[in-house]
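Secondary and tertiary structure notes
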Amino acid sequence: MASSAKKGAGGSGRIGGILKFLAILVGLLAPVFYVIEQNLESFYIFETDHLHDLSRRAIAAHGNDTRSVVKYITDELSARVSTKSHVNLDEEWMFNNAGGAMGAMYIIHASVTEYLIIFGTAVGTEGHTGRHTADDFFHILQGTQLAYVPGEYEPEVYPQGSMHHLRRGTVKQYKMPESCFALEYARGWIPPMLFFGYADGLTSTMDIPTLWRTTYVTGREIIGNLLKGKF
Ligand SMILES: *[C@@H]1O[C@H](CO)[C@@H](O)[C@H](O)[C@H]1NC(C)=O
């Protein structure tokens, strides 16, 4: 009796210790996150105006030859001083299932505060955008994207060359009726977005090789950038 009571006390002591440790950790990290949140802008290396202009110039140069449009974009980013050591030129395409939509992506850049990918599908898709901790800028390179917000009776239409800005914390239903590809740029807190990126894979497709590839490439890019001092 006595020894089991003692054991019980030891167990709750250990839990108390863990809780205390977590409380201290949160107490220490909260101000750090707050300061970073106030200064998120200073970590960004991509400029929204430049990406929009670059997308339009790439389309003007190559039209619907989207493979060349993508190459035009990555060539320029890899020549720019501010971005050249932070872009992945290896077109590692992989499927992405999220919010019920399915497409494929090529990760050009991923870090704690930004990501830049080519996302799209040649057959069309539809889904939930996800409610994110980052602003999302979707530059349509080929095809058309439609979006819907509750309360409206007409769709938002984003044709080739336009940019769809999904504000941090907001959601829409979106659809790519046919073949559609976009240069997607997100800035804010990227790691929380990854949960949305994995949810469909873990609860529906169970496509483990794709999940592993997504994890490997994303992790390699985020950590690689951190090691180069890019937060
Ligand atoms: C791409 O193809 C679509 C559909 O055929 C056409 O409407 C559009 O003008 C083309 N875009 C360019 C830049 O050639």
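Residues numbered from 1 in each chain as written. Predicted model: local features only at pLDDT ≥ 70, side-chain atom pairs only at ≥ 80, totals over all residues.

1. Here's the deal with the domain arrangement of the chain
Many descriptions give the size of an interface as the accessible area lost when the pieces come together. Partitioning the chain into domains gives domain 1 (2–38) and domain 2 (45–227). Relative to domain 2, the C-alpha centre of domain 1 lies at a distance of 38 Å. (Domains from an automatic or database assignment.)

2. Brief notes about the UniProt feature "transmembrane region" (unreviewed entry) in the chain
With numbering matched to this structure, UniProt assigns "transmembrane region" (unreviewed entry) to residues 12–36. For residues 12–36, the helix share is 100%, the strand share is 0%, and the end-to-end C-alpha distance is 35 Å. (UniProt positions renumbered as here; feature names shortened; annotations may be inferred. Helix = DSSP H or I, 4+ residues; strand = E, 2+ residues; numbered from the N terminus.)

3. Re the site of the ligand
Within the structure, the ligand sits among Ile59, Gly63, Asn64 and Gln160. The residue inventory of the shell around the ligand, partitioned by class, reads one nonpolar, three polar and no charged. (Near = placed C-beta within 6 Å. Nonpolar A, V, L, I, M, F, W, Y, C, P; charged D, E, K, R; others polar.)

4. Some points on the pairing of strand E1 (residues 94–98)
Sheet analysis places E1 next to strand E2 (residues 101–110), joined by five bridges and oriented antiparallel. If you follow alanine 98 over to E2, its bridge partner there is alanine 101. If you look at the hairpin formed by E1 and E2, you'll find two residues sitting between the two strands, and glycine 99 has a positive phi there, around 60°. (Pairing = 2+ DSSP bridges.)

5. With respect to unusual backbone geometry
With a phi angle near 50°, methionine 206 is a residue other than glycine that sits in the positive phi range. Along the chain, methionine 206 turns up in the loop between helix H4 (193–205) and helix H5 (208–227).

6. Examining the sheet that holds strand E4 (residues 125–128)
Taking strand neighbours across the sheet as the criterion, the four strands line up as E4-E9-E6-E7 in an open arrangement whose pairing is antiparallel. Whereas interior strands pair on both sides, the edge strands pair on one side only; in this sheet they are E4 and strand E7 (156–158). The average undirected angle you get between the axes of adjacent strands in this sheet is 20°. (Axes fitted to C-alpha atoms, helices over the stretch in contact; angles between N-to-C directions.)

7. Brief notes about the environment of phenylalanine 119
Examined against the element boundaries, phenylalanine 119 turns out to sit in strand E3 (residues 114–121). Between the C-alpha atom of phenylalanine 119 and that of histidine 139, which follows or precedes it by 20 residues, the distance is 9.9 Å. Ignoring sequence-local partners within four residues, the contact set of phenylalanine 119 consists of Asn96, Gly103, Met105, Ala182 and Glu184. (Contact = placed C-beta atoms within 7 Å.)

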